[in-house]
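Residues per chain, in single letters:
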2 protein chains.
Amino acid sequence: MSLDKVFEALASGPRREILAYLSSAELSTSELAERFKMSAPTISRHLSVLENAGLVTSARHGQFVLYKLAPDNLVNTLAGFAFELCPVGGPLKRESRKLAAQKKTKTKTKTVRKPG
Amino acid sequence: MSLDKVFEALASGPRREILAYLSSAELSTSELAERFKMSAPTISRHLSVLENAGLVTSARHGQFVLYKLAPDNLVNTLAGFAFELCPVGGPLKRESRKLAAQKKTKTKTKTVRKPG
DNA sequence: TGTGCAATTAGCAAATTAGCTAATGATTGA
DNA sequence: TCAATCATTAGCTAATTTGCTAATTGCACA
């Protein structure tokens, strides 16, 4: 459920593709392996990364382990992240504009310059 | 602007931290390097990854290069991705429920079994 | 025009990741 | 219980990433 794990999980193309498959149906490891041209162990590893990040859940049904999307975690995490960076209403927070204004002050005596 | 580049860029903790800094002010490479305990070249590389993904933009001001967030690209990409996986109203699309129902059919003659 | 600082590029070592095959659980059904 | 099948773990190699320092490029200004 950590941001780190979620973004690490989403950084892989095959893993995002797995999520896409799981968005329309619950599937087992081997069913996913068929759809990809990858070995079952490889898929299994990807699934464990996704599960560890809280993006999918699994349930054993007899011989099979069915994986399905955990859509709430996905959406909440991404939305939370985006909101932290850009709270509604635009790119910059109020405070930031103040900071941006401050940057315009120049020092003359120091040799070290600052941008602005 | 590709999904691949965006998620690769977001996969790094330091890069997400850079985005957080840029969400409240435009900053130069060296200003960012101060805030992190990292060398300027390292920050510069992170910034180029972020810029290449379309998440930040840069503008040279004299000696300095100021970086700032490209919030639209960030939000649109994440929202688009999330929406593709979970269109409004719940985890599964209509079609998916049909598929899930289909899975319940069993074959008797084949030795290969299917989950469900 | 030459010196100094900001930024980037080049080149390197350590760590991580992604794929594979082989081996080891887990579960069903004869 | 044995054989078959699904899933996962172990162990390996190739490729990528991340940090660094050193070298190079771009600008400002004395």
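About the thresholds
Residues numbered from 1 in each chain as written. Chains lettered and ligands numbered in written order. Predicted model: local features only at pLDDT ≥ 70, side-chain atom pairs only at ≥ 80, totals over all residues. Heavy atoms only, no water. Near = heavy atom within 4 Å. Polar contact = N/O pair within 3.5 Å; in protein donor to acceptor, adjacent residues only side chain to side chain. Helix = DSSP H or I, 4+ residues; strand = E, 2+ residues; numbered from the N terminus. Nonpolar A, V, L, I, M, F, W, Y, C, P; charged D, E, K, R; others polar. Salt bridge = Lys/Arg side-chain N within 4 Å of Asp/Glu carboxyl O. Contact = heavy atoms within 4.5 Å. Axes fitted to C-alpha atoms, helices over the stretch in contact; angles between N-to-C directions. Parallel < 35°, antiparallel > 145°, perpendicular 65-115°, else oblique. Buried < 20%, exposed > 50% of the residue type's maximum accessible area, 1.4 Å probe, protein only. Pairing = 2+ DSSP bridges.

Colleague: What is the right way to read the protein's contact with DNA strand D from this model?
Modeller: Close contacts around DNA strand D come from 25 residues, with S30, Q63 and Y67 of chain A together with T42 and H46 of chain B the closest. Of what DNA strand D places within 4 Å of the protein, 65% of the atoms are sugar or phosphate. Between DNA strand D and T42 of chain B there is a distance of 2.5 Å, counted from a phosphate oxygen to a side-chain nitrogen or oxygen. Interatomic distance of 2.3 Å between a side-chain N/O atom of H46 of chain B and a phosphate oxygen of DNA strand D. Counting only elements with at least two residues in the surface near DNA strand D, the list comes to α3 (29–35), α4 (40–52) and β3 (64–69) of chain A together with α2 (13–24) and α4 (40–52) of chain B. When residues of the surface near DNA strand D are assigned to their parent elements, the largest contribution, 4 residues, is made by α4 of chain B. Split by residue class, the surface near DNA strand D holds 8 nonpolar, 11 polar and 6 charged.

Colleague: What is the right way to read the pattern of salt bridges from this model?
Modeller: For side chains of opposite charge, pairing can occur when their charged atoms come near one another. The tally for this structure, following the rule as stated, stands at 2 salt bridges over all chains. Across the pair D4 of chain B and R16 of chain A runs a salt bridge whose closest N-O atoms are separated by 2.5 Å. Of this pair, D4 of chain B sits in helix α1 (residues 3–10) while R16 of chain A sits in helix α2 (residues 13–24), each in a different chain.

Colleague: Mind showing me how you'd approach the side chain of T77 of chain A here?
Modeller: Mapped onto the secondary structure, T77 of chain A falls in helix α5 (residues 71–85). For T77 of chain A, the contacting residues outside a window of four places in its chain are L3 and V6 of chain A.

Colleague: It is not clear to me how the protein's contact with DNA strand C should be interpreted in this structure. Could you clarify?
Modeller: As a matter of local geometry, DNA strand C sits amid 24 residues, with T42 and H46 of chain A together with S30, S44 and Y67 of chain B nearest to it. Note that a base oxygen of DNA strand C is positioned 3.2 Å from one of the side-chain N or O atoms of R45 of chain A. Within the side chain of Q63 of chain B, a nitrogen or oxygen atom sits 2.8 Å from a base oxygen of DNA strand C. In terms of residues, the surface near DNA strand C owes the most to one element, α4 of chain A, which gives 4 residues. Among the residues making up the surface near DNA strand C, the classes are represented as 7 nonpolar, 11 polar and 6 charged.

Colleague: Help me out: how do you make sense of the packing of α5 of chain A against helix α5 (residues 71–85) of chain B in this one?
Modeller: Axes are the key here: two packed helices are described by the angle between their axes and the distance separating the axes. Relative orientation of the contacting elements α5 of chain A and α5 of chain B amounts to 170°, with a least axis distance of 10 Å. Put simply, α5 of chain A runs roughly antiparallel to α5 of chain B. On α5 of chain B, the residues touching L74, V75, L78, F81, A82 and L85 of chain A of α5 of chain A are L74, V75, L78, F81, A82 and L85 of chain B. Its residues assigned to classes, the contact of α5 of chain A with α5 of chain B shows 12 nonpolar, no polar and no charged.

Colleague: Sorry, what's going on with the environment of D4 of chain B here?
Modeller: On the accessibility criterion, D4 of chain B (45% relative accessible area) is partly exposed. Those residues in contact with D4 of chain B that sit more than four places away from it in its chain are G13 and R16 of chain A.

Colleague: Can you walk me through the sheet that holds strand β3 (residues 64–69) of chain B in this structure?
Modeller: Two strands in a sheet stick together by hydrogen bonds in their backbones, pointing the same way (parallel) or opposite ways (antiparallel). Residue and element names in this part refer to chain B. The strand order across the open sheet built from 3 strands is β1-β3-β2, with neighbouring strands paired in antiparallel fashion. The strands lining the two open edges of the sheet, one partner per strand, are β1 (27–28) and β2 (56–61). Judged from the 2 bridges that link them, β1 and β3 form a sheet pairing that is antiparallel. Counted as the bridge partner of S28 is L66 from β3. Those strands touched by α4 are β2 and β3, and its axis lies near 120° from that of β2.

Colleague: What should I look at first to understand the sheet that holds β3 of chain A in this one?
Modeller: All names here are of chain A. Read from one edge to the other, the open sheet built from 3 strands follows the order β1-β3-β2, with strand pairing classed as antiparallel. Only two strands of the sheet have a single neighbouring strand rather than two, namely β1 (27–28) and β2 (56–61). Docked against the sheet, α4 engages β2 and β3, running at close to 120° with respect to β2.

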